[in-house]
Amino acid sequence: MAAMAETLLDKVWRAHTVRMLPSGQTQLFIGLHLIHEVTTPQAFQMLREAGLRVRMPERTFATVDHIVPTASQHRPFGDPLAEEMTVALVENCRAAGIPLFDLESGRQGIVHVIGPELGLTQPGMTIACGDSHTATHGALGALAFGIGTSQVRDVLATQCLAMAKPKVRQVRVEGKLARGVYAKDVILTVIQRLGVKGGVGYAYEYAGAVLEAMSMEERLTICNMSIEGGARFGYVNPDATTFEYLRGRPFAPPAAAFDRAVAWWRSMATDLDARFDDVVRIDGDTVQPVVTWGINPGQSVGVEERIPDPERAPESERGTWREALGFMGFKAGQPIAGTRVDVAFIGSCTNGRLSDLRAAAEVARGRRVAAGVRALVVPGSQAVARAAEAEGLHEVFRAAGFEWRRAGCSMCLGMNEDKLQGREVCASSSNRNFIGRQGSPHGRTLLMSPAMVAAAAVTGAVADVRELLR
Ligand code: SF4
């Protein structure tokens with residue numbers, strides 16, 4: 001009898017199943033555990049209190065990202081809490097023998113940027129990290145998911161987790177993206193169509209001509225925001241783009257073993273005749289630059305569109321739409337283009353990679369940041385910063401009036417010195433526009449692609465980047 005066709009999720013899940021638990025969950029082996037300074041101090045403390053040690057330090061890697069300042073990184077940090085968290089991570093890693101990519105390593109950066117760029121993230125792996133945006137790593141064909149502090153403790157102690165197997169929805173993006181339309185616009189469109197809770201209980205398998213044509217960095221942007229659509233997992237099947245991306249990276253298999261690894265990685269891809277629990281199709285030709293107008297990443301419109309009327313929202317969402325309009329100070333029917341911005345932020349694990357900075361620099365080149373706008377470019381990692389500087393992108397940004405910062409999460413969330421003030425409006429390439437996310441309880445976030453952020457920075461308002469690229 002022919003073997004049943006399987007999805008990548010089926011195959012990777014099966015390969016990592018230790019046993020079925022009486023609860024109906026699976027005891028899943030975790031191939032790679034990525035840790036950072038924010039969600040680990042308590043987990044290590046719980047481990048010590050239970051008299052346990054880190055079970056597999058060789059499968060655990062650490063970085064500092066959330067709380068590091070990006071203007072000056074001299075130690076001790078100005079913020080005593082940031083300094084304390086960093087010291088705790090250094091000590092915990094030293095005691096357990098966990099490799100740490102600290103500020104002196106040359107490899108530090110946002111956890112979801114450095115995993116792929118170092119070749120730690122590989123197809124067919126299970127990857128856990130105490131951060132919601134861990135599905136990013138699924139771009140390479142891994143099953144990657146965010147976990148809470150008590151689960152961080154569990155993985156440190158056992159290298160396993162009790163997990164319920166999700167269903168799989170294939171999200172097919174067909175056709176071709178127009179110039180000025182980016183991966184960020186695609187994933188914001190997916191979230192807008194399927195809703196912020198549409199993916200609950202699902203893994204999203206992203207496929208179709210648009211995904212096949214994307215670079216690895218673009219796929220990372222797509223998978224990164226899976227959780228914003230409710231899906232804890234998001235992945236793209238590994239292909240030639242994946243293998244070429246990984247070749248030669250520090251933790252990728254060495255040349256002698258690489259071809260063998262590729263054969264196994266290829267075998268983990270979804271079978272052609274596999275069945276999905278659901279399939280959704282999106283026409284890539286119709287995707288336009290997207291901007292959020294509300295307080296969750298599903299509340300968005302195309303840049304040519306107007307802010308929608310809550311009276312036309314599905315009944316279950318009317319209240320949130322009204323709340324969003326009230327908080328943002330917008331009126332239904334108002335065009336999103338032309339909305340004045342105070343701050344422009346280019347960075348984060350969604351859009352802080354080299355190709356993102358190139359796209360933003362293409363817009364910034366030869367222009368000036370509008371009067372009254374504070375504009376920041378924050379590379380996702382030290383490696384991204386070096387590569388961008390080697391191309392002279394930092395000079396392009398500086399000449400245009402942007403601040404060129406050091407690697408970290410920065411203004412993606414208000415856990416470091418980079419924060420919105422008061423009611424400021426921020427054009428942001430990050431992933432969450434929740435109330436208070438960027439550090440001010442009254443600050444307002446408009447999510448968009450890095451090129452759109454650059455367009456907003458130089459015009460002082462939400463603008464259609466396609467007009468600046470002509
Ligand atoms: S950049 Fe933002 S979403 Fe990404 S890891 Fe940092 S805080 Fe989390």
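These lines cover the structure that appears in this document, whether it is placed above or below. (Residues numbered from 1 in each chain as written. Predicted model: local features only at pLDDT ≥ 70, side-chain atom pairs only at ≥ 80, totals over all residues. Heavy atoms only, no water.)

## Some words on the overall build of the chain
Stage number 1. When helices and strands are counted, the chain shows 17 helices and 19 strands.
Stage number 2. Rg of the C-alpha trace for the chain: 21 Å, near the compact-globule value of 23 Å for 470 residues, within the 12% margin.
Stage number 3. With the C-alpha coordinates of the chain rotated into their principal frame, the extents come out at 60 × 55 × 45 Å.
Stage number 4. Relative to its 470 residues, the chain shows a buried fraction of 61%.
Stage number 5. The contacts of the chain with a sequence gap of at least 6 include a subset with a gap of at least 24, amounting to 75%.
Stage number 6. Total accessible area on the chain stands at roughly 18,300 Å², and carbon and sulfur atoms take up 51% of it. (Helix = DSSP H or I, 4+ residues; strand = E, 2+ residues; numbered from the N terminus. Rg over C-alpha atoms; globule rule 2.2 N^0.38 Å. Buried < 20%, exposed > 50% of the residue type's maximum accessible area, 1.4 Å probe, protein only. Contact = heavy atoms within 4.5 Å. Areas by Shrake-Rupley, 256 points an atom, 1.4 Å probe, with all protein chains shown as cover.)

## Description of the pairing of strand S7 (residues 143–146)
Stage number 1. Burial along S7 is two-sided: the face carrying Leu-143 and Phe-145 and the face carrying Ala-144 and Gly-146 are both buried.
Stage number 2. Bridge analysis of strand S6 (residues 126–129) against S7 gives four bridges, and the strand direction is parallel. The partner of Ile-127 across the bridge, within S7, is Ala-144. (Pairing = 2+ DSSP bridges.)

## Re the sheet that holds strand S9 (residues 167–174)
In a beta sheet, neighbouring strands pair by backbone hydrogen bonds and run either parallel or antiparallel.
Stage number 1. Taken in spatial order, the four strands line up as S11-S10-S9-S12 in an open sheet, and their pairing is parallel. Since the sheet does not close on itself, it has two edges, and those belong to strand S11 (233–236) and strand S12 (278–283), each with one partner. Neighbour to neighbour, the strand axes of the sheet diverge by 20° on average, direction disregarded.
Stage number 2. Bridge count for S9 against S12 is six bridges, and the pairing is parallel. Bridge pairing in S12 places Val-171 opposite Val-280.
Stage number 3. The sheet contacts of helix H6 (residues 183–194) involve S9, strand S10 (202–207) and S12, and relative to S9 the element is tilted by about 125°. (Axes fitted to C-alpha atoms, helices over the stretch in contact; angles between N-to-C directions.)

## Quick word on the sheet that holds strand S2 (residues 26–29)
Stage number 1. Strand order in the open sheet formed by three strands is S1-S2-S8, with antiparallel pairing between adjacent strands. In this open sheet, the two edge strands, each paired with only one partner strand, are strand S1 (17–20) and strand S8 (160–163). Averaged over all neighbouring strand pairs, the angle between strand axes comes to 20°, with direction disregarded.
Stage number 2. With four bridges connecting them, S2 and S8 associate as antiparallel partners. From the neighbouring strand, Phe-29 faces S8, where its bridge partner is Cys-160.
Stage number 3. Along the sheet face, helix H1 (residues 8–15) touches S1, S2 and S8 and points at about 85° away from the line of S1.

## Brief notes about the side chain of Glu-424
Stage number 1. Structurally, the position occupied by Glu-424 is in the loop between strand S17 (403–404) and strand S18 (425–428).
Stage number 2. Residues in contact with Glu-424, not counting those within four places in the same chain, are Asp-342, Val-343, Arg-374, Gly-443 and Arg-444.

## Some details on the packing of aromatic side chains
Stage number 1. For the structure shown, the criterion picks out 11 aromatic pairs.
Stage number 2. Their ring planes at 90° and their centres at 5.6 Å tell us that Phe-258 and Trp-265 sit as a pair that is edge-to-face.
Stage number 3. Measuring from centroid to centroid gives 5.4 Å for Phe-397 and Phe-402, while their planes differ by 70°, and the two rings are edge-to-face. Here Phe-397 and Phe-402 have matching classes, each one buried.
Stage number 4. In this structure an aromatic cluster arises from ring pairing among Trp-13, Phe-145 and Phe-233.
Stage number 5. Stacked on the ring of Phe-77, the Lys or Arg Arg-75 has its end atom at 5.1 Å from the ring centre.
Stage number 6. Arg-169 extends its terminal NZ or CZ atom over the ring of Tyr-202, reaching a point 4.1 Å from the ring centre. (Phe/Tyr/Trp six-rings, centres within 6.5 Å; stacked < 30°, edge-to-face > 60°. Lys NZ or Arg CZ within 6 Å of the ring centre and 35° of its normal.)

## Points about the site of the ligand
Stage number 1. Close to the ligand lie His-66, Ile-110, His-112, Asp-131, His-133, Ser-348, Cys-349, Cys-409, Cys-412, Leu-413, Asn-431 and Arg-437, which account for all nearby residues.
Stage number 2. The class makeup of the residues in the shell around the ligand is five nonpolar, five polar and two charged. (Near = heavy atom within 4 Å. Nonpolar A, V, L, I, M, F, W, Y, C, P; charged D, E, K, R; others polar.)

## What to know about H6
Stage number 1. For H6, built from 12 residues, the straight-helix expectation of 16 Å at 1.5 Å per residue is met to within 8% by its first-to-last C-alpha distance of 17 Å.
Stage number 2. Most of H6 sits inside the fold, with nine of its 12 residues counted as buried.
Stage number 3. Where H6 is concerned, the buried positions are Ala-183, Lys-184, Asp-185, Val-186, Ile-187, Leu-188, Thr-189, Val-190 and Ile-191.
Stage number 4. Gly-195 lies just past H6 and shows a positive phi near 90°. (Expected span 1.5 Å × (residues − 1).)

## Brief notes about the nonpolar core
In a soluble, globular protein the nonpolar side chains are often hidden away together inside.
Stage number 1. Grouped together as the largest cluster of nonpolar side chains are 61 residues, with contacts concentrated most on Trp-293, Leu-357, Phe-397, Phe-402 and Leu-446.
Stage number 2. Broken down by element, the residue count for this core peaks at eight residues, all from helix H16 (residues 450–459).
Stage number 3. Apart from the residues within four sequence positions on either side, Leu-357 is in contact with Ile-346, Val-377, Pro-379, Val-384, Ala-388, Leu-393, Phe-397 and Trp-404.
Stage number 4. In terms of nonpolar packing, the next biggest core, distinct from the first, is built from 38 residues, Ile-30, Ala-62, Met-85 and Ala-203 among them. (Core = buried A, V, L, I, M, F, W, Y, C linked by side-chain atoms within 4.5 Å.)

## Some thoughts on the environment of Val-210
Stage number 1. Inspection of the secondary structure puts Val-210 in helix H7 (residues 209–213).
Stage number 2. The exposure class assigned to Val-210 is buried, which follows from its relative accessible area of 4%.
Stage number 3. Dropping the residues within four chain positions of it, Val-210 is found in contact with Val-173, Glu-174, Gly-175, Lys-176, Leu-177 and Gly-284.

## Observations concerning the pairing of S10
Stage number 1. Of all the six residues making up S10, six are buried; the element is thus mostly covered by neighbouring parts of the structure.
Stage number 2. Taken together, S9, H6 and S10 constitute a β-α-β crossover, and its handedness is right-handed.
Stage number 3. In the sheet, S10 pairs with S11 via four bridges, with the strands oriented parallel. The residue bridging Glu-205 from the neighbouring strand is Tyr-235, located in S11. (Right-handed = clockwise from strand over helix to strand, strands pointing away.)

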